[in-house]
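These are the residues of each chain, in order.
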Amino acid sequence: MRKGIKAGAVGITLAAMMSFSAQAEVIKLTAGSSHPPFLPWVEVITKHVVPETNVRLEAMGSDTRIEWTEAYAGALFNPVNALEGVEGGLADLAWVGTIFEPEKLPLHNVHFYAPFAVSGVHQLTEIGNDLHDQIPAMDQQWAKYNQVHLGAMADGSYHLITKEPINSLDDLKGLKLLAGGAVANWLEGTGATAVNAAFPEFYNAISTGVADGAVMTINGMLPFKIHEVAPHITLVDMGGPITGSLTMNADTFNSLPADVQGILKGLGKEYSKMVADAVGGREKGFLAKMQEQGAIVSSLPEAERQRWADGLPDLAGDWVAMNSAKGLPAADVLKAFLDGGRDRGSPPLRDWGN
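Residues numbered from 1 in each chain as written. Predicted model: local features only at pLDDT ≥ 70, side-chain atom pairs only at ≥ 80, totals over all residues. Heavy atoms only, no water.

A. Inspection of the overall build of the protein chain at higher detail. When its secondary structure is counted, the protein chain shows 11 helices and 11 strands. Taken over the C-alpha trace, the protein chain has a radius of gyration of 21 Å; the compact-globule value for 354 residues is 20 Å, and the two agree within 12%. C-alpha atoms of the protein chain, sized along the principal axes, occupy 70 × 45 × 35 Å. For the protein chain, with 354 residues in total, the buried portion stands at 54%. Across the protein chain, every contact between residues at least 6 apart in sequence was considered, and the portion connecting residues at least 24 apart equals 78%. Accessible surface computed for the protein chain: about 14,300 Å², of which carbon and sulfur atoms make up 54%. Taken together, the 26 basic and 40 acidic charged side chains of the protein chain have centroids lying 3 Å from each other. (Helix = DSSP H or I, 4+ residues; strand = E, 2+ residues; numbered from the N terminus. Rg over C-alpha atoms; globule rule 2.2 N^0.38 Å. Buried < 20%, exposed > 50% of the residue type's maximum accessible area, 1.4 Å probe, protein only. Contact = heavy atoms within 4.5 Å. Areas by Shrake-Rupley, 256 points an atom, 1.4 Å probe, with all protein chains shown as cover. Lys, Arg positive; Asp, Glu negative; His and termini not counted. Charge placed at Lys NZ, Arg CZ, Asp CG, Glu CD.)

B. View of the pattern of salt bridges. Counting across every chain of the model gives 15 salt bridges. E84 is the salt-bridge partner of K104, the closest N and O atoms lying 2.2 Å from each other. On the criterion of sequence distance, the pair formed by K104 in the loop between β3 (93-96) and α3 (121-134) and E84 in helix α2 (residues 82-87) is long-range, its members being 20 residues apart. Under the relative-accessibility criterion, K104 is labelled partly exposed at 34%. Using a relative accessible area of 26% as the deciding quantity, one classes E84 as partly exposed. Each of D170, K173, E304 and R307 takes part in one network of salt bridges that share partners. (Salt bridge = Lys/Arg side-chain N within 4 Å of Asp/Glu carboxyl O.)

C. Region of interest: the layout of surface pockets. Taken as a whole, the largest pocket spans an internal volume of roughly 900 Å³. Forming the boundary of the largest pocket are 34 residues, of which H35, I99, F100, A198 and F199 lie nearest the centre. Mapped onto the lining of the largest pocket, the elements with two or more residues apiece are α1 (40-59), α5 (199-207), α6 (218-221) and α8 (258-292). Residues of the lining of the largest pocket, tallied by class, amount to 24 nonpolar, eight polar and two charged. (1 Å grid on protein atoms, 1.4 Å probe; cavity = no way out; pocket = protein on both sides within 12 Å on 5 of 7 lines; lining within 4 Å. Points joined across faces, edges and corners; volume = space filled by probe spheres on them. Nonpolar A, V, L, I, M, F, W, Y, C, P; charged D, E, K, R; others polar.)

D. The arrangement of the nonpolar core in detail. Among the nonpolar cores identified, the biggest contains 81 residues, and L93, Y271, W308 and F337 are the most heavily contacted of them. If one sorts the elements of this core by residue count, α8 sits on top with eight residues. If you look at the next biggest cluster of nonpolar residues, it comprises 20 residues, including I206, M221, V229 and A295. (Core = buried A, V, L, I, M, F, W, Y, C linked by side-chain atoms within 4.5 Å.)

E. Just α1, in detail. Spanning 20 residues, α1 covers 27 Å between terminal C-alpha atoms, matching the ideal 28 Å at 1.5 Å per step. Its maximal kink placed at E52, α1 deviates by approximately 35°. Residues P40, W41, V42, V44, I45, H48, V49, V50, T53, N54 and L57 constitute the buried set of α1. Considering only its buried residues, α1 is in contact with β1 (25-32), β2 (64-71), β3, β4 (147-153), β10 (244-249) and α8. (Expected span 1.5 Å × (residues − 1). Bend = angle between axes of the 7 residues up to and from the residue.)

F. Structural detail: empty space enclosed by the protein. A complete count under the given rule lists one cavity of 30 Å³ or more for this structure. Considered as a void within the structure, the largest cavity measures approximately 60 Å³ in volume. In terms of lining, the largest cavity is formed by T98, H108, G128, L131, H132, M138, A152, I242, G244 and S245. Every element with two or more residues in the lining of the largest cavity is listed here: α3 and β10. Sorting elements by how many residues they give to the lining of the largest cavity places α3 first, with three residues. A per-class count over the lining of the largest cavity returns four nonpolar, six polar and no charged.

And the structure:
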């Protein structure tokens with residue numbers, strides 16, 4: 001019998017325990033996340049991964065059962081220390097935002113240095129998993145932090161949401177636009193100034209005049225009500241992010257029986273698909289709802305998108321050079337990322353590989 005319930009964990013939910021022999025092994029595990037369960041990448045953990053483990057163990061005739069403790073919404077760790085939280089065993093299984101770890105997980109942030117490439121959430125999710133299957137260094141980076149990768153997740157493409165309409169690239173000159181982390185690089189050469197902030201800060205920053213708008217995903221616009229203070233949504237399709245992964249503490253995973261390991265690996269792949277379905281399904285509805293509430297939606301002309309992409313510095317080349325100097329196969333990851341898009345009918349607007 002393993003010890004797995006962590007001190008301070010809250011929201012205990014016991015998975016339905018079917019009738020099985022008195023000799024059965026009960027393994028106690030904790031599932032966690034820095035984010036709340038109403039978000040798709042956490043909701044799928046609590047509604048599918050957690051309950052389905054015991055359903056499948058019973059179906060295969062195993063005497064093992066999992067007793068889950070669930071702790072979400074920052075009960076165990078916040079977004080910027082989730083990687084360390086799983087590494088140290090605060091949670092056995094959790095969503096870790098790779099988007100928050102550009103230094104520790106650089107290869108998992110390749111998409112931020114090749115904008116105007118892949119935008120479909122299902123495409124990005126598949127590519128995120130393929131990168132782990134094709135390039136050992138991806139899993140090795142997780143192993144460095146005592147984790148096993150189970151499934152990638154992604155969000156939709158980035159667009160503009162501003163106080164005033166944007167009809168051409170020239171309209172960006174002089175604007176202060178909120179752009180978190182590496183997304184700020186996408187504004188180089190446009191004449192706009194990037195203001196670093198997280199989505200929860202966007203509303204106040206725009207309403208108080210700190211910024212004129214933001215670069216963000218549609219799935220972030222409606223929940224944070226950004227359209228109320230910046231009613232002009234310009235569909236630019238700059239490409240989307242592979243934002244995180246479902247991972248498991250490696251010590252925990254390696255201690256589990258083979259049948260449990262196999263089930264969790266399979267559920268990791270299902271997790272990716274189900275999150276992509278949920279995230280992709282929200283975009284169209286969110287955009288329509290914002291329009292109903294007064295948002296004005298337009299699309300940036302294709303010629304202006306091309307002009308934007310061509311005017312950016314060599315983000316991918318600089319990223320490859322920096323990480324190759326550290327001994328990382330950054331060129332291979334970039335090529336696999338771009339080829340993954342091409343294979344799925346999404347050729348990059350700019351060939352970042354050359």
